[in-house]
Amino acid sequence: MRLNIFGFGSGAKDAGALDADATGFLDPQPAQKATAKAPKTGARKGSKAPLATGKSRTLSRKSQTPPPNTESLKKRVKWLLAHLEEFRQRLQPAMDTGNTDEFVLVMQNYLAFIAAYSDTVAYDAFELGPAYPEYLKFFHRASLEFAWRMEEKAFAEIAEAELQPWQRMKEVVSECISGSYSCMEELPTLVDFSQMRSIVVLGCGKVPASLFFLQDQTNVPAIVGIDNLQEAVDCASALATKFKLDRVRVINADATKLDYSFFDAIYFGPFATPRADVLKQIRSTARPNATIILREPQFTGSLAFERVLPFMQPAFNLIKAGDAKKYLGRFMLRHYVLKPR
Ligand SMILES: C[S@@+](CC[C@H](N)C(=O)[O-])C[C@H]1O[C@@H](n2cnc3c(N)ncnc32)[C@H](O)[C@@H]1O
């Protein structure tokens, strides 16, 4: 299947354009399991949507009542902004003071909120509005920080674990990052790895679930993870050695400068930034027949990650899109398979 991505708009609906139901991604995902309810357009006036569970504090009562979709767009965007601002105001001091417990708790609630929020029209208006860049900057930094803290926890747990010869990495992947591993599970349905000799994973991090998955589920002989942070490279290499992931190598390299001509496939996750620069570098150095597997923010995922898909034309063709419902994970990301033109 060859899809022309030129028709994609720049707004929040573009990633969902391949599906008839642009809001059909509200199936249970790791983030949604946190049980936070988000505003549903059309919700009964006065109904409550709790934003936090368990021991966590909730957002203020005033902001828990979502405006129904009969309300004006202006009011619905204002409501969304008020929620985002409230998250920001709770996250900022926790980040500044290094209060990890509070930070993680609020981030979990924020991620549950963005995974369940469903007002596509209000979100589009927000994304095209003047406040969006500032929130993108903030939630990008917070999401990176959150992912890093989850990885630290996961590293400690996985470093303790033992992998028996008959076990797959999935069985020792820590709960903190098992979502990253599971989100890869659709890849064999999107890409034929059987003839590939090499794949590179950009920004693999200190606990490279993507590399674990590729070692487990494919026979690609050379699986290379790159990260531009030495600590991440050291930790990921240590795990690869510990678990005898004999086809995996991790190297220190910058995704915006790497020569991609060495690889049959490129796994471009959301964390390798600046994303537009990474894309340009792939375009200038990848082989003409290379396969690019992109993880792209969908809908509210664009609060944390810069979209690149709408700006790819005319450099790439979109070959396939991943499941719009099952593999979004807590960060609201979706897989796309691309080929250079
Ligand atoms: C949160 S972590 C790991 C991601 C995670 N394991 C996943 O599922 O994709 C993101 C990593 O990307 C790395 N990174 C960000 N920009 C990069 C770039 N331009 N080149 C290489 N690594 C980069 C960071 O150093 C960080 O370790």
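Because the structure is a prediction, the values reported are computed rather than measured.

(A) Seen up close, the site of the ligand. Near the ligand there are 22 residues, and of these A147, G203, G205, A255 and F271 occur at the shortest range. Among the secondary structure elements, those contributing two or more residues to the shell around the ligand are helix 4 (132-160), helix 7 (209-217) and strand 2 (222-227).

(B) Quick look at the packing of helix 1 (residues 73-97) against helix 3 (residues 120-128). Orientation of helix 1 relative to helix 3, taken along the N-to-C sense of each, is 75°, at an axis distance of 9 Å. Relative to helix 3, the element helix 1 is oriented roughly perpendicular. Across from L73, R76, V77, L80 and L81 in helix 1, the residues of helix 3 making contact are V121, A122, Y123, A125 and F126. Residues that form the contact of helix 1 with helix 3 fall into these classes: nine nonpolar, no polar and one charged.

(C) Seen up close, the environment of K153. Mapped onto the fold, K153 is located in helix 4. It is 9.6 Å that separates the C-alpha atoms of K153 and E175, two residues lying 22 residues apart in sequence.

(D) Broad picture of helix 2 (residues 100-116). For helix 2, spanning 17 residues, the distance from its first C-alpha to its last is 24 Å, which sits close to the expected 24 Å at 1.5 Å a residue. Taken together, the buried positions of helix 2 are F103, V106, M107, N109, Y110, L111, A112, F113, I114, A115 and A116. Considering only its buried residues, helix 2 is in contact with helix 1 and helix 4.

(E) Molecular detail of helix 1. Over its 25 residues, helix 1 extends 37 Å from the first C-alpha to the last, a length consistent with the 36 Å expected when each residue adds 1.5 Å. Buried within helix 1 are the following residues: R76, V77, L80, H83, L84, F87 and L91. Where helix 1 is buried, its residues contact helix 2, helix 3 and helix 4. Positive phi appears at G98, one or two residues downstream of helix 1, with a value of about 70°.

(F) Here's a closer look at the sheet that holds strand 5 (residues 291-297). Spatially, 3-2-1-4-5-7-6 is the arrangement adopted by the seven strands of the open sheet, whose pairing is mixed. Each end of this open sheet is capped by a strand with a single partner; those strands are strand 3 (248-252) and strand 6 (316-321). Going across the sheet, the axis of each strand differs from the next one's by a mean of 25°, ignoring polarity. Note that strand 5 and strand 7 (residues 333-340) share six bridges and pair antiparallel. Among the inter-strand pairings, R295 is bridged to a residue of strand 7, identified as H335.

(G) Expanded view of the packing of helix 1 against helix 2. Two numbers describe how helix 1 lies on helix 2: the axes approach to 9 Å, and their chain directions differ by 160°. Relative to helix 2, the element helix 1 is oriented roughly antiparallel. Relative to helix 2, the crossing made by helix 1 is left-handed. Taken together, the residues of helix 2 that come into contact with helix 1 (itself represented by H83, F87, R90, L91, A94 and M95) are E102, F103, V106, M107, Y110 and F113. The residue inventory of the contact of helix 1 with helix 2, partitioned by class, reads nine nonpolar, one polar and two charged.

(H) Spotlight on the nonpolar core. Among the nonpolar cores identified, the biggest contains 97 residues, and I199, I266, F268 and I292 are the most heavily contacted of them. The element best represented in this core is helix 2, accounting for ten residues. Here this core spans two domains, and each of domain 1 (28-153) and domain 2 (184-340) adds at least three residues to it. If sequence neighbours within four positions are ignored, I292 has contacts with I266, F268, I282, A286, F316 and L338.

(I) Spatial organisation of the pairing of strand 2. In terms of residue burial, strand 2 counts as a mostly covered element, since five of its six residues are buried. Bridge count for strand 1 (residues 198-202) against strand 2 is five bridges, and the pairing is parallel. In the strand pairing of strand 2, L202 is matched with I226. Between the parallel elements strand 1 and strand 2, the chain passes through helix 7 in a crossover that is right-handed. Direction of pairing for strand 2 relative to strand 3: parallel, over a ladder of five bridges. Bridging from a neighbouring strand, V224 pairs with R249 of strand 3. Read as a crossover between parallel neighbours, the route from strand 2 over helix 8 (residues 230-242) to strand 3 is right-handed.

Thresholds applied
Residues numbered from 1 in each chain as written. Predicted model: local features only at pLDDT ≥ 70, side-chain atom pairs only at ≥ 80, totals over all residues. Near = placed C-beta within 6 Å. Helix = DSSP H or I, 4+ residues; strand = E, 2+ residues; numbered from the N terminus. Axes fitted to C-alpha atoms, helices over the stretch in contact; angles between N-to-C directions. Parallel < 35°, antiparallel > 145°, perpendicular 65-115°, else oblique. Contact = placed C-beta atoms within 7 Å. Nonpolar A, V, L, I, M, F, W, Y, C, P; charged D, E, K, R; others polar. Expected span 1.5 Å × (residues − 1). Buried ≥ 20, exposed ≤ 12 C-beta atoms within 10 Å, placed from the backbone. Pairing = 2+ DSSP bridges. Left-handed = near helix turned anticlockwise from the far one by under 90°. Core = buried A, V, L, I, M, F, W, Y, C linked by C-beta atoms within 7 Å. Domains from an automatic or database assignment. Right-handed = clockwise from strand over helix to strand, strands pointing away.

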